[in-house]
Amino acid sequence: MENVKNRKMIIGLTSGNGYGFQPGAWRTPGVDPTSYTSYDARVRHAQAAERGKFQFIFLPDGPFTDDSTLLETEAPNFNLDVMMTLAAVARETKRIGLVATGSTTFNAPYTLAKQFKALDIMSHGRAGWNAITSTSNDVAAIYGQTIPSSRDRYGRAHEVVQLVQAFWGSWGKDAWVHDQESGQFAKHDEISTISLKGKYVNARGTLYIPPSEQGQPIIFHAGASPNAHELAGRFANVVIGAAFTIEDSIQQRKAFRESAKKYGRDPDEIKFIAGMMTTIVKDRRTALDRRLQLMGHLLPQRVAYLQQMLGIRLDGNDLNEPLSQEQLQAARPSPYDPRSANALKIAKEGWSLKDIIAHGIIDYHPSIVGPGVEAADHMQAWFEAGACDGFWISPDILDDGVDAFVDEVVPILQERGLFHKDYEGTTLREHIGAPEQYGIDPRVSNIKLLIIKFKNMKIGIVGTGAIGSLLAQKLSKAGHSVKVTNTRAMPELEKIAADLGAKAATLQDVVKDVDAIIFSMPFNAYKDLPKDLLKEVPQDVVVMDTSNYYPFRDGDIAELEEITESEYISGILDRPLIKVFNNILEGTLKHKGTAAGTEGRIAISTAGDNEEHKKIVAQIVDITGFDTVDGGNLSESWRQQPGTPAYCTELDEAELKKALDSAEKGKAPAIRDSIMNSLMSKDTWPSYEEILAGNRVHQKGKGK
Ligand SMILES: Cc1cc2nc3c(=O)[nH]c(=O)nc-3n(C[C@H](O)[C@H](O)[C@H](O)COP(=O)(O)O)c2cc1C
């Protein structure tokens, strides 16, 4: 059940071109006609809203129009740049939330993440991001693109929002120490790299911005389609709504709340804010005259539109006369325009034709043209009917319209107990009652996101054969501290290690004080390792095994008829481990690594029983240039052993999944041996390309 007791409404102010939200606002006497470029004007309007304890200002965004002839008489709709405006406002206000629109359709997630979190820092936790999808061809053209389908627009939006939030969380909440005494600036291991390979967006990196007072910005959304319900239900805390009738608003709010519930959220986590346009003056007559002064020049076209709304002819009417009884009786509200019923209601009250229009019946949102109490009544009725959680206000003229609302409407709402008397906190999160969140919300996440915790891992590698050497090289090049060991004498080992960018260590030392250990040795050499090698190694150290069993080299091992190769190794080491890097050729590892998100990126599989360790291994694989497919438990790891379709056949993620599924348990050893026999029967050892081609043919890894 919805908690209605003590509910207080949320109020936001819209900020756009600096003048106001009625046509002609820019040329009203007393309005500075250059406000379009005035940041001082924006600051003044925000300060006025803050005086009225508004929870936020909201900045829509978009290009004006592709029809620049409109500029002959009208100002563009929007701010010069929404982030610049909010930066200016942030420095001159203390409490009010600062919400800007940023399209998820064409912007890069990293850019959005950086700008909004920087604003959040600058404003001490007052930033909100209105994450919308773009539907206008003008916007698409600016980016040299076309508007994608709704499905693709929203598909991208789901990924972008999560990626942006993941960037926000990449600097750990408590990572920033800035302790002058100890000299520690930040805890590097609490700052992670995030990596996403999505269907629509890819990114890998870190956003080096610590948390703000509210952690990270709040997600808003503006949209009304079923896809919008899905997006907002998942991620948004506030919906900027548009509804003309109380019934429609109730339905819309319900749809968003149900969607939130579907995703395991409390419906109260999402607030539906209805739009409202205002001309607040002491009485209705004065208010209508003010409106007429603002939009009188548009009366002819508005009358033409009203004809369609009411289904009657009005072109012979006197603007100063009410509609005739015949006209009122013949009028039928248009089913295509939800504003029509209200237009007819106003007409029936006997107002003149121009006054009907001056009531704002063709405005983008319900309009209140009259004294403050009329606005308060409207708001109370909607709020108490469960039609909304608050309102975003678009005043006719910002210079005095915000003050009029603050002085004439806010006190009535406060007196009626509908609106707070002061800010409860200092952040936007507190103003709107959104729950704590830092980084992505795991309850609603549906992307395959890697959060790479360790910027600088300490890795020990046992064995410097083909795979061990390449791993040492790649991981040390990526900034990790790598030490290696092999069976050579120390002076030679030191030289090998130096060539790999690693440090030389004895077998005993290579496993000490590390985050991960990679065993990369010939299969039959494991049995000669000291029995207690890993005894002192903590359980959270990830142990990996890259080995493969070849009977011609390793001899017959009877146990392998019962258990997998890595289970056998795990037994010798007396330690759970992750099987990885066994099904990749040296040539593949050396030459075929690509950046995360690259089309057709090659994947290798992991197997093991520890899910957390598998995630870390996936991060290591990613660093080396490859995707990872989870091949299941260690007991399932026969699916990636020599002779299987998944073994060294250079498959992408989807292909590798199929290959693992299609493996047949009994068949692999014979295939393995026949491939090896044919390789060894050649006069010269085949090239990597020939081996790959042979694997693909005999193991049927590709094209199955
Ligand atoms: C109240 C409201 C405000 C909006 N503000 C903006 C805006 O500032 N900039 C923008 O590009 N789109 C804005 N939109 C457009 C939406 O993001 C979206 O493109 C539109 O609702 C169509 O989406 P749909 O596919 O869900 O129907 C707004 C939509 C609504 C309902």
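With an unreviewed UniProt entry as reference, the chain is termed NtaA/DmoA family FMN-dependent monooxygenase, source organism Paenimyroides baculatum. In its Sequence similarities (unreviewed entry) section, UniProt records this for the chain: "Belongs to the NtaA/SnaA/DszA monooxygenase family."

A count of helical and extended segments in the chain gives 26 helices and 23 strands. Here the C-alpha coordinates of the chain stretch approximately 105 × 60 × 50 Å along the principal axes. Evaluated residue by residue, the chain yields a buried proportion of 56% over its 704 residues. Of all intrachain contacts in the chain linking residues separated by at least 6 positions in sequence, the fraction that spans at least 24 positions is 75%. Within the structure as shown, the chain displays about 30900 Å² of accessible surface, and the carbon and sulfur contribution to it stands at 51%. With 79 positive and 92 negative side-chain charges, the chain shows a spacing of 1 Å between the two charge centroids.

Moving on, we come to the packing of aromatic side chains. This model, assessed by the stated rule, comprises 14 aromatic pairs. A ring pair is formed by F256 and F272, whose centres lie 5.8 Å apart and whose planes are at 25 degrees; its orientation type is stacked. Pair noted here: F256 is in helix α7 (residues 246–262) and F272 is in strand β11 (residues 271–280), with a separation of 16 residues, a long-range link. What makes F256 buried here is its relative accessible area of 1%.

Once that is clear, we can look at the packing of helix α1 (residues 39–51) against helix α2 (residues 82–92). Their axes nearest at 9 Å, the elements α1 and α2 cross at an angle of 55 degrees. Compared by their axis directions, α1 and α2 come out oblique. For the pair α1 and α2, the crossing hand works out as right-handed. Facing α1, whose interface residues are Y39, R42, V43, A46 and Q47, α2 presents M84, T85, A88, V89 and E92. Looking at the contact of α1 with α2 residue by residue, the class counts come to six nonpolar, two polar and two charged.

Taking strand neighbours across the sheet as the criterion, the six strands line up as β17-β16-β15-β18-β19-β20 in an open arrangement whose pairing is parallel. Each edge of the sheet is formed by a strand with only one pairing partner; in this case those strands are β17 (503–504) and β20 (578–579).

Once that is clear, we can look at the site of the ligand. For the ligand, the set of nearby residues contains 16 residues, the closest of which are D61, T133, R153, Y154 and S225. A distance of 3.1 Å is found between an oxygen atom of the ligand and a backbone nitrogen or oxygen belonging to A222. In the complex, 76% of the free accessible area of the ligand, which totals 620 Å², lies under the protein chains. Partitioned by chemical class, the residues of the shell around the ligand number eight nonpolar, six polar and two charged.

Attention now moves to a nonpolar patch on the surface. On the surface, F552, M680 and W685 cluster together into a nonpolar patch covering about 360 Å² of accessible area. Of note, M680 is situated in helix α25 (residues 668–680). Assessed through its relative accessible area of 40%, M680 is described here as partly exposed.

Let's shift gears to the pattern of salt bridges. A complete count under the given rule lists 40 salt bridges for this structure. One salt bridge in this structure joins R285 and D355, with 2.7 Å as the shortest N-O distance. Here the residue R285 occupies a position in helix α8 (residues 284–295), and D355 occupies one in helix α12 (residues 353–358), the gap between them amounting to 70 residues. For E664, the salt bridge identified is with K667, shortest N-O distance 3.4 Å. By sharing partners, the salt bridges in this structure join R204, R601, D622 and D627 into a single network.

One open sheet holds the three strands; their spatial order is β22-β21-β23, and the pairing between them is mixed. Of all strands in the sheet, those with a lone pairing partner are β22 (627–630) and β23 (651–652), marking the two edges. The pairing of strand β21 (residues 602–606) with β22 spans four bridges and is parallel. Bridged to T606 within β22 is D630. Each of β21 and β22 touches helix α23 (residues 611–623); the most contacted strand, β22, lies at about 155 degrees to it.

Checked against the element boundaries, K579 lands in strand β20. Buried K579, no salt bridge; nearest opposite-charge side chain is E565, N-O distance 4.1 Å. Polar contacts involving the side chain of K579 include one to the main-chain carbonyl oxygen of S547, which spans 3.5 Å. Here the side chain of K579 touches S566 through a polar contact of 3.0 Å, side chain to side chain. For K579, the contacting residues outside a window of four places in its chain are D545, S547, N548, E565, S566, S605, T606, A607, L634, S637, Q640 and Q641.

Close contact between α1 and helix α14 (residues 398–408) brings their axes to 9 Å; oriented N to C, the two are set at 5 degrees. Judged by the inter-axis angle, α1 sits roughly parallel to α14. When α1 is examined against α14, the residues R44, H45, A48, A49 and R51 are found in contact with a partner set consisting of L398, D399, V402, D403, V406 and D407.

Annotation of the chain at the domain level lists domain 1 (10–282 + 371–432), domain 2 (286–364) and domain 3 (521–699). Each of domain 1 and domain 2 has a C-alpha centre, and these two points are 33 Å apart. The interface is formed by 19 residues belonging to domain 1 together with 14 residues belonging to domain 2. Contact between domain 1 and domain 2 buries roughly 1400 Å² in total, counting both sides, with carbon and sulfur atoms accounting for 59%. Summed over the three residues of domain 1 that lose the most area to domain 2, namely Q22, P23 and F244, the buried surface amounts to 37% of that side. Summed over the shared surface of domain 1 and domain 2, the result is two salt bridges. Across the domain 1-domain 2 interface, the total number found is four residue pairs in polar contact (both at pLDDT 80 or more). At the level of secondary structure, the elements contributing two or more residues to the side of domain 1 that touches domain 2 comprise β11 and α14. With three residues, β11 is the single largest residue contributor to the side of domain 1 that touches domain 2.

Cut-off values and rules
Residues numbered from 1 in each chain as written. Predicted model: local features only at pLDDT ≥ 70, side-chain atom pairs only at ≥ 80, totals over all residues. Heavy atoms only, no water. UniProt positions renumbered as here; feature names shortened; annotations may be inferred. Helix = DSSP H or I, 4+ residues; strand = E, 2+ residues; numbered from the N terminus. Buried < 20%, exposed > 50% of the residue type's maximum accessible area, 1.4 Å probe, protein only. Contact = heavy atoms within 4.5 Å. Areas by Shrake-Rupley, 256 points an atom, 1.4 Å probe, with all protein chains shown as cover. Lys, Arg positive; Asp, Glu negative; His and termini not counted. Charge placed at Lys NZ, Arg CZ, Asp CG, Glu CD. Phe/Tyr/Trp six-rings, centres within 6.5 Å; stacked < 30°, edge-to-face > 60°. Axes fitted to C-alpha atoms, helices over the stretch in contact; angles between N-to-C directions. Parallel < 35°, antiparallel > 145°, perpendicular 65-115°, else oblique. Left-handed = near helix turned anticlockwise from the far one by under 90°. Nonpolar A, V, L, I, M, F, W, Y, C, P; charged D, E, K, R; others polar. Pairing = 2+ DSSP bridges. Near = heavy atom within 4 Å. Polar contact = N/O pair within 3.5 Å; in protein donor to acceptor, adjacent residues only side chain to side chain. Patch = residues over 30% accessible without salt bridge, like charges linked within 9 Å, V, L, I, M, F, W, Y side chains within 5 Å. Salt bridge = Lys/Arg side-chain N within 4 Å of Asp/Glu carboxyl O. Domains from an automatic or database assignment. Buried area = accessible area lost by both parts, 1.4 Å probe.

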